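Structural overview
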Amino acid sequence: MKGVKELKARIKSVTNIQKITRAMEMVAATKLRRLQERAMATRPFADRIESMMRRVAVHADPDASPLLQVPDRVETEALVVVVGDKGLCGAYNANLLKRAVSQITASREAGVATKLYLLGRKGQMFFAKVRDMDITWAYPGVIEKVEYTDVRRAMGLLVDSFIEGEVQRVKVAYTKMASMALFVPTVQALLPVAPPEASGEGVSADADYILEPSPDAIMKKLLPRYLEMQLYAAVLESLASEFAARRMAMKSATDAADDMLGTLGMEYNKARQEGITGELLDIVGGVMVQAG
Amino acid sequence: MAKTLNVEFITPDRTVFEGEATEVILPVEGGGSIGVLAGHAPLVATLEVGIARVDKADGEQVFMIVGDGFIEVRDNEVKVLAELGERDDEIDLARAEEAERRNRERLKDRVAQEVDFDRAKASLTRAMTRIKILRDLAPGKARRKPRDPRGG
């Protein structure tokens, strides 16, 4: 049985930690909500770009842009890895990094080298320690503050590298948010672009569309936007997963602290009572001796 | 009542304008503008940096700087998808003037500094377009609130 003093100190420290985890839980929840609003705001643009692609793809030459061309041989691929800057979010970072490593290993076994493009400090820290990693680019900013223009710049680098033939394939490893409690590390191909299926509403009726200056020219301009939106969506979804994962981790930490406080409180009371009983016995003993 | 167009200006992170209009004028690639009225044929076109004008159904005129994007017209709906989109009442005149001055300077001694010529030039065009909107087209509409640092 621990002493009363020790127990009191532990209760205090657990209470303090619980205050922090509770605050972090609330911060993560707020950030998640704000991010969801942001993700919703990008929806109309992304949806429109995609439907426009579908519409124009019917008329454009499949070889209109080098971004559509499937290379004969793949020797090098670029992998964009999207993780967080910080921990305390359960296995969010670890799971994604594990998925990225298995992708790199699989490529290596197939004779394909990987160039890494990293977003999120945890990825930079992780891959800096792994041997034989070619880190081509790393996002210098804070991942939570990432903006469309940052993603656009990164995508620009990837597109240039693809056009110049340095890489023959571009993929992105990010965390998909299947539900509020389920986060799936995913690897998705970006380049070469597989245009969305030319089907769906109203495509056949589109024969009379005026396309200015030409279907190919529009396609050429649309493709980079389409890619940027895809990468941006991947980044936002990863961020949402991170916040949701952190909220969950902090909630279970707060709950665990509650349990611990319950046990400690009981132990404390027991120790205190025992102390009092002991003292009483001493007093009674003393009185009896005096009365002797 | 005359037929109206349903107009939407969308950028990657927000909807800049949404409403009914009688006419929309948009800057298209290759220089020049197109005007869209109700009943326009279906069209997809690429957009250039410039000034868009919307004649709203209630008679008000709204000017916008738009750039780098696409226009889609279909069934009396005009969708403008652009990287850049700012309404006249959102433009920060002081900031635009500062950008104009800075980029002129940059372009002047570009040989010495090896500045990114295209970028500086594009930036100058945007600044001048913003200034033009506020000085000539929609005087007195400049934004008053401090700018959202996330905008650009």
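Residues numbered from 1 in each chain as written. Chains lettered and ligands numbered in written order. Predicted model: local features only at pLDDT ≥ 70, side-chain atom pairs only at ≥ 80, totals over all residues. Heavy atoms only, no water.

**Here we look at the side chain of A:Ser238**
Residues and elements named next belong to chain A. In plain terms, the rule: The way it works is that DSSP assigns letters per residue, a run of H or I at least four long becomes a helix, a run of E at least two long becomes a strand, and they are numbered from the N terminus. Counted as a polar contact is a pair of N or O atoms within 3.5 Å, where, for protein atoms, one must be capable of donating a hydrogen and the other of accepting one, and residues adjacent in sequence contribute only when both atoms are in side chains. Here a residue-residue contact requires only that any non-hydrogen atoms of the pair lie within 4.5 Å.
In this structure, Ser238 sits in helix H5 (residues 215–291). A distance of 3.2 Å separates the side chain of Ser238 from the backbone nitrogen of Thr175, its partner in a polar contact. In this structure Ser238 touches Val82, Tyr92, Tyr174 and Thr175, once residues within four positions along its chain are discounted.

**Describing the interface of chain B and chain A**
This is how the line gets drawn: We define buried area as the total accessible area lost by two parts upon association, computed with a 1.4 Å probe and summed across both. The rule for a salt bridge is simple: a side-chain nitrogen of Lys or Arg has to be within 4 Å of a carboxyl oxygen of Asp or Glu.
Tallying the contact residues gives 25 residues for chain B and 27 residues for chain A. Summed over both partners, the interface of chain B with chain A buries about 2400 Å², with 60% contributed by carbon and sulfur atoms. Considering only the side of chain B, the residues that lose the most area to chain A are B:Pro12, B:Val44 and B:Phe70, jointly responsible for 26% of the buried surface there. Between the two partners, chain B and chain A, sit eight salt bridges.

**Regarding unusual backbone geometry**
Residue and element names in this part refer to chain A. Cis rather than trans, the peptide bond between Leu191 and Pro192 has omega equal to -5°. Here Pro192 is to be found in the loop between strand E5 (182–191) and strand E6 (210–212). With an omega dihedral of -5°, the bond running from Glu212 to Pro213 counts as a cis peptide bond. For Pro213, the location among the structural elements is in the loop between E6 and H5.

**Considering the sheet that holds strand E3 (residues 134–138) of chain A**
Residues and elements named next belong to chain A. Note the threshold: For two strands to pair, DSSP has to find at least two bridges joining them. Convention adopted: a line fitted to C-alpha atoms gives each axis, helices being fitted over their contacting stretch, and angles between N-to-C directions are expressed from 0 to 180 degrees.
Here we have five strands laid out as an open sheet, ordered E3-E2-E1-E4-E5, and mixed in their pairing. Since the sheet does not close on itself, it has two edges, and those belong to E3 and E5, each with one partner. Each adjacent strand pair in this sheet contributes to an overall mean axis angle of 25°, direction not counted. Along the sheet, helix H2 (residues 92–109) contacts strand E1 (76–82), strand E2 (113–119), strand E4 (169–179) and E5; its crossing angle with E1, the most-contacted strand, is approximately 175°. Here H5 sits on the sheet in contact with E1, E4 and E5, set at roughly 40° to E4.

**Brief notes about the domain arrangement of chain B**
All names here are of chain B. For clarity, the cut-off: Domain limits in this description derive from either an automatic procedure or a database domain assignment. When residues are grouped by polarity, Ala, Val, Leu, Ile, Met, Phe, Trp, Tyr, Cys and Pro land in nonpolar, Asp, Glu, Lys and Arg in charged, and all others, Gly among them, in polar.
We note that the domain assignment places domain 1 (5–88) and domain 2 (91–137) within chain B. Look at where the C-alpha atoms of domain 1 and domain 2 centre, and you get two points 24 Å apart. Between domain 1 and domain 2, the residue contacts involve 10 residues of the former and nine residues of the latter. In total, domain 1 and domain 2 occlude about 840 Å² of area from one another, counting both sides; carbon and sulfur atoms represent 75% of this. The largest per-residue losses of area from domain 1 upon contact with domain 2 belong to Ile51, Phe63 and Ile65, which jointly make up 50% of the total buried on that side. As a salt-bridge pair, Glu86 and Arg130 come within 2.9 Å of each other at their nearest N and O atoms. Taken together, domain 1 and domain 2 are joined by three residue pairs in polar contact (both at pLDDT 80 or more). Looking at the side of domain 1 that touches domain 2, the elements that each hand over two or more residues are strand E5 (50–56), strand E6 (61–74) and strand E7 (77–87). Looking at the side of domain 1 that touches domain 2, its residues break down into six nonpolar, one polar and three charged.

**A look at the packing of aromatic side chains**
The cut-off we apply is this: Two rings from Phe, Tyr or Trp (for Trp, the six-membered ring) form a pair when their centres sit within 6.5 Å of each other. Planes less than 30 degrees apart are called stacked, planes more than 60 degrees apart edge-to-face, and all others tilted. Counting as a charge over the ring demands two things of the Lys NZ or Arg CZ atom: a distance within 6 Å of the ring centre and an angle within 35 degrees of the ring normal.
The full count for this structure, using the stated rule, is five aromatic pairs over all chains. Ring centres of A:Trp137 and A:Tyr139 lie 6.4 Å apart, and the angle between their planes is 40°; on these two criteria the pair is classed as tilted. One cation-aromatic arrangement involves A:Lys221 over B:Phe70; the distance from NZ or CZ to the ring centre is 6.0 Å.

**Here we look at the pairing of strand E4 (residues 43–47) of chain B**
Here is the rule: The rule is simple: take the accessible area with a 1.4 Å probe, protein chains only, and divide by the maximum for that residue type; under 20% is buried, over 50% is exposed, in between is partly exposed.
Along E4(B), five of the five residues are buried, which leaves the element largely enclosed by surrounding structure. The sheet contact formed by E6(A) and E4(B) spans three bridges and is parallel. Within E4(B), the position partnered with A:Ile210 by the bridge is B:Leu43.

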